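Summary of structural features
Below, each chain spelled out in residue letters.
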Amino acid sequence: VQLQASGGGLVQAGGSLRLSCAASGRTFSRYGLGWFRQAPGKEREFVATIKWTGGSTAYADSVKGRFTISRDNTKNTVYLQMNSLKPEDTAVYYCAADRIIMRAIVVDDTSEYNYWGRGTQVTVSS
């Protein structure tokens, strides 16, 4: 599975962005997918994840109620809708695929993801 994130940009606090992550590989639909972010000087952190079936999601506490992850397996794409953005959301955002195919649960540990795409920069001005 190869992944490419897009949709980042500069937005004012309170605004919205929708990130997309296009995947190649015929087994895309069988992997859980996650969004992660890394701010300057900080470690990469979990943002959101969605089960391979699309039936289960999980979010970091810092984004709950503001971000929504979804996937369209017909388009081999996972999305991250980000609303009510805050300056602390500024980071490079990455999408990644679970290292285990058809995992029964969602996981938020970066070590459980081994297919990483190029990131997209999100900058939120105050």
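An account of the accompanying structure is given in this report. (Residues numbered from 1 in each chain as written. Predicted model: local features only at pLDDT ≥ 70, side-chain atom pairs only at ≥ 80, totals over all residues. Heavy atoms only, no water.)

**Considering the state of the cysteines**
Under the convention used in this document: Two cysteine sulfurs form what is called a disulfide whenever their separation falls within 2.5 Å. Runs of H or I in DSSP of at least four residues are treated as helices and runs of E of at least two as strands, each being numbered from the N terminus. Each residue is placed in one exposure class: buried if its accessible area under a 1.4 Å probe, protein chains only, is under 20% of its type's maximum, exposed if it is over 50%, and partly exposed if it falls in between.
Under the definition given, this model contains one disulfide. Paired by a disulfide, C21 and C95 hold their sulfur atoms 1.9 Å apart. On the sign convention where negative is left-handed, the bridge of C21 and C95, at about 60 degrees about the S-S bond, is right-handed. Of the two residues, C21 is situated in strand 3 (residues 17-24) and C95 in strand 9 (residues 91-101); the sequence distance between them amounts to 74 residues. The exposure classification of C21 matches that of C95, with both residues buried.

**A short note on empty space enclosed by the protein**
Empty space among the atoms becomes visible once a probe the size of a water molecule is rolled across them. Going by this rule: Every definition here rests on a 1 Å grid over the protein atoms only: cavities are sets of points where a 1.4 Å probe fits but cannot get out, pockets are open sets enclosed by protein on both sides within 12 Å along at least five of seven lines, and lining residues have some atom within 4 Å of a point. Grid points are joined across faces, edges and corners, and a volume is the space filled by probe spheres set on the points. Any residue that is not Ala, Val, Leu, Ile, Met, Phe, Trp, Tyr, Cys, Pro, Asp, Glu, Lys or Arg is counted as polar, Gly included; the first ten are nonpolar and the last four charged.
For the structure on display, the rule yields one cavity of 30 Å³ or more. Estimated volume of the largest cavity: approximately 40 Å³. Together, G32, L33, T49, I50, K51, W52, D98, R103, I105, V106, V107 and Y113 line the largest cavity. Breaking the lining of the largest cavity down by element, the ones donating at least two residues are strand 4 (31-38) and strand 5 (45-50). Tallied by class, the residues present in the lining of the largest cavity amount to seven nonpolar, two polar and three charged.

**Some thoughts on the sheet that holds strand 3**
Heads up, the condition is: A strand pair is defined by DSSP finding two or more bridges across the two strands. Interaxial angles span 0 to 180 degrees and are taken between N-to-C directions of axes, which are lines fitted to C-alpha atoms, for helices over the stretch in contact.
An order of 1-3-8-7 is seen for the four strands of this open sheet, with the pairing classed as antiparallel. Of all strands in the sheet, those with a lone pairing partner are strand 1 (2-6) and strand 7 (67-72), marking the two edges. When strand polarity is set aside, the average angle formed by the axes of neighbouring strands in this sheet is 15 degrees. Here six bridges tie strand 7 to strand 8 (residues 77-82), and the two strands are oriented antiparallel to one another. When the bridges of strand 8 are listed, T68 appears paired with Q81.

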